[in-house]
Amino acid sequence: LYMNTNLPEVALFDFTSFRLIQIRKTANLPDCVLWNPYGSEGCDPGWKNFVCVEPAAVSTPATVAPGASQTFAQLLSAE
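All of these numbers come straight from a predicted model, not from anything done at the bench.

Caption draft 1: Region of the structure containing the overall build of the protein chain. On a plain count of helices and strands, the protein chain comes out with zero helices and five strands. Counting helices and strands in the order they occur from the N terminus, the protein chain gives β-β-β-β-β. Residues counted as buried form 15% of the 79 residues belonging to the protein chain. Partitioning the intrachain contacts of the protein chain with sequence separation of at least 6 by distance along the chain shows that 55% fall at a separation of at least 24.

This is how it looks when you write it as C-alpha cells:
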C-alpha cells in the first residue's frame, strides 16, 4: 500500500513486453494498492507473473451519506 501518493498518474513498466502501463486517477483516490490476487497458495501458476495496481482511498476512506453519491475514476492505457 502506497499512501498519500497524491499523484494524478501511476506507471508500471512491463519488462517482458517492454510496455509502459499508465493509470490516471481522480484526486479523491490518493493511495495506490499493489497486490497479487492469488498469493503463494494460488491455484493458477500465472500468479508469479501477475500483479494488480489499483488506485484507492484507504488512508482517508470515503464516506457517502444515504442518498448522496461520489465518483471515482481511473483511466488505463498501455504504450
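Caption draft 2: Focus on the sheet that holds strand β1 (residues 9–14). Taken in spatial order, the three strands make up an open sheet running β1-β2-β5, and their pairing is antiparallel. Only two strands of the sheet have a single partner each, and these edge strands are β1 and β5 (74–78). Across the sheet, the mean angle separating the axes of adjacent strands is 15° when strand polarity is ignored. Pairing of β1 with strand β2 (residues 19–25) involves six bridges; the strand directions are antiparallel. Paired with Ala11 across the two strands is Gln22, which belongs to β2.

Caption draft 3: Spotlight on the environment of Tyr2. Mapping Tyr2 onto the fold places it in the segment before β1. Residue class for Tyr2 comes out partly exposed when judged on its relative accessible area of 49%. In this structure the C-alpha to C-alpha distance between Tyr2 and Ala56, which are 54 residues apart in sequence, comes to 9.4 Å. Setting aside residues up to four positions removed in sequence, Tyr2 forms contacts with Asp31, Cys32 and Leu34.

Basis of the calculations
- Residues numbered from 1 in each chain as written.
- Predicted model: local features only at pLDDT ≥ 70, side-chain atom pairs only at ≥ 80, totals over all residues.
- Heavy atoms only, no water.
- Helix = DSSP H or I, 4+ residues; strand = E, 2+ residues; numbered from the N terminus.
- Buried < 20%, exposed > 50% of the residue type's maximum accessible area, 1.4 Å probe, protein only.
- Contact = heavy atoms within 4.5 Å.
- Pairing = 2+ DSSP bridges.
- Axes fitted to C-alpha atoms, helices over the stretch in contact; angles between N-to-C directions.

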